[in-house]
Amino acid sequence: MSHGTQDSYLVALIGSGIGPSLSPALHEREADRQGLRYVYRLLDIDVLGVPPEAVGDLVRAARDLGFDGLNITHPCKQLVIPHLDGLAPQAEALGAVNTVVFDDGRAVGHNTDVTGFAASFARGLPDAPLERVVQLGAGGAGAAVAHATLTLGAGRVTVVDAFPERAAALADSLNRHFGAGRADSTTPDRLARLLSRADGVVHATPTGMAAHPGLPFPAEFLHAGLWVAEVVYRPLETELLRTARAQGCAVLDGGGMAVFQAADAFRLFTGQEPDSTRMLADIAELAGAVPVPD
């Protein structure tokens, strides 16, 4: 299908527990403003009663049914890769796909989480020092934001995770991609010392979501010289951001990443340029109105 000449689109999100996702509303609102007919479906593997490994069947069915593209979320971002015909460089480097575009019968995987976080950071913390960055969380979101942070020019990213082997694996992968010495990993018990000397901290665990309230580490680890970037966006104002702001830290909420990754996916699906400023207003309204975990 040649994107950019059609005026109606059919896309879907594949993942687990995606009922509360804001993606349909973000995409459909922007499409409405652009005069496009745009239907965004949810293909929840829990509702369908299929395992994550069935993602290949869902991709094939969507292609056969004439879908223009798919968003992919947990737990299918890695599992989908063997079922695709090609990968964009970013998705290949990351080993994870969150967007699939169907073009002339081919299914091509992209990753807009990386570009989404990078765009949000550049907009929200444009002058933040990046020499020493600590990242909490080495899961799917963590891999994407670590790539983004190093792409933005961070000197060194130290990955901290409750599962040390997961943190070490992410650091190894980052060093292979960006060059030796750009990343390392350590255990949560070193966090207080690390943060005392860091320029900033990226938080990429579920702590702070409506279903997982609280702080990811003690408030006394924060200090005014530290910037704090959050990946959680429901709620937009997490306890970590509230506490950090009160300590005088520069902060970045997770709404920007959610919007810019959606905007990048919208562009890939339609060939049209989304208005990210309008979409940022959308997420402030949507995330504020429905404080449930995504």
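In this text the structure is predicted, and so the values were computed from the model without any measurement.

With that settled, consider the overall build of the protein chain. Within the protein chain one finds 11 helices and 12 strands. The C-alpha radius of gyration of the protein chain comes to 19 Å, within 12% of the 19 Å expected for a compact globule of 294 residues. For the protein chain, the spread of C-alpha atoms along the principal axes amounts to about 55 × 40 × 35 Å. Relative to its 294 residues, the protein chain shows a buried fraction of 51%. Considering only contacts in the protein chain between residues 6 or more positions apart, those separated by 24 or more positions represent 70%. Surface summary for the protein chain: the accessible area is close to 12300 Å², and the carbon and sulfur share equals 53%. Seen as two clouds, the 22 positive and the 34 negative side-chain charges of the protein chain have centres 4 Å apart.

Contact geometry for helix α1 (residues 23-33) and helix α10 (residues 255-270): axes closest at 10 Å, N-to-C directions at 55°. Considering their axes alone, α1 and α10 lie oblique with respect to each other. Crossing angle aside, the handedness with which α1 passes α10 is right-handed. Contact residues: α1 offers L26, H27, E30 and A31, while α10 offers A258, V259, A262, A265, F266 and F269. Across the contact of α1 with α10, the residue classes break down as eight nonpolar, one polar and one charged.

On to the sheet that holds strand β5 (residues 99-103). Taken in spatial order, the six strands make up an open sheet running β2-β1-β3-β5-β6-β4, and their pairing is mixed. With partners counted over all chains shown, the strands left at the sheet margins are β2 (37-44) and β4 (86-87), one partner each. With three bridges connecting them, strand β3 (residues 69-72) and β5 associate as antiparallel partners. Residue pairing in the sheet places N71 in a bridge with T99 of β5. Set on the sheet, α1 makes contact with β2 and β3; between it and β2 the angle comes to about 170°.

So, on to the packing of aromatic side chains. Under the counting rule described, the total for this entry stands at five aromatic pairs. When the centroid spacing of 5.0 Å and the interplanar angle of 75° are considered together, the rings of F121 and W227 count as edge-to-face. Taken as a pair, F121 in helix α5 (residues 112-124) and W227 in strand β11 (residues 227-230) lie far apart in primary sequence, 106 residues in all. Residue classification places F121 among the buried residues on the basis of a relative accessible area of 4%. Put simply, the rings of Y9, Y38 and F266 pair up and form one aromatic cluster.

Pairing between side chains becomes possible if they bear opposite charge and their charged atoms approach one another. Inspection of every chain in the model, using the stated rule, returns 14 salt bridges. Measuring nitrogen to oxygen at the nearest pair gives 2.8 Å for the salt bridge that ties R245 to E237. Overall, E237 belongs to the partly exposed group, its relative accessible area being 31%. Connected through shared salt-bridge partners, R29, E30, R33, D275, R278, D282 and E285 make up one network.

Within the UniProt annotation, "binding site: shikimate" (unreviewed entry) is assigned to S21, L22, S23, T73, N98, D113, Y233 and Q261. As for the lining of the largest pocket, the annotated residues named previously contribute S21, S23, T73, N98, D113, Y233 and Q261. Note that N98 resides in the loop between α4 (89-94) and β5. Among the residues examined, N98 registers a relative accessible area of 3% and is labelled buried. Filtering out sequence-adjacent residues up to four positions away, N98 remains in contact with L70, N71, I72, K77, H110, N111, T112, D113 and Q261. Within the element layout of this structure, Q261 appears in helix α10. Here Q261 is in contact with N98, T112, D113 and G116, once residues within four sequence places are set aside. Among the polar contacts listed, one links the side chain of Q261 to the backbone oxygen of A258, at a separation of 3.4 Å.

Thresholds applied
Residues numbered from 1 in each chain as written. Predicted model: local features only at pLDDT ≥ 70, side-chain atom pairs only at ≥ 80, totals over all residues. Heavy atoms only, no water. Helix = DSSP H or I, 4+ residues; strand = E, 2+ residues; numbered from the N terminus. Rg over C-alpha atoms; globule rule 2.2 N^0.38 Å. Buried < 20%, exposed > 50% of the residue type's maximum accessible area, 1.4 Å probe, protein only. Contact = heavy atoms within 4.5 Å. Areas by Shrake-Rupley, 256 points an atom, 1.4 Å probe, with all protein chains shown as cover. Lys, Arg positive; Asp, Glu negative; His and termini not counted. Charge placed at Lys NZ, Arg CZ, Asp CG, Glu CD. Axes fitted to C-alpha atoms, helices over the stretch in contact; angles between N-to-C directions. Parallel < 35°, antiparallel > 145°, perpendicular 65-115°, else oblique. Left-handed = near helix turned anticlockwise from the far one by under 90°. Nonpolar A, V, L, I, M, F, W, Y, C, P; charged D, E, K, R; others polar. Pairing = 2+ DSSP bridges. Phe/Tyr/Trp six-rings, centres within 6.5 Å; stacked < 30°, edge-to-face > 60°. Salt bridge = Lys/Arg side-chain N within 4 Å of Asp/Glu carboxyl O. UniProt positions renumbered as here; feature names shortened; annotations may be inferred. 1 Å grid on protein atoms, 1.4 Å probe; cavity = no way out; pocket = protein on both sides within 12 Å on 5 of 7 lines; lining within 4 Å. Polar contact = N/O pair within 3.5 Å; in protein donor to acceptor, adjacent residues only side chain to side chain.

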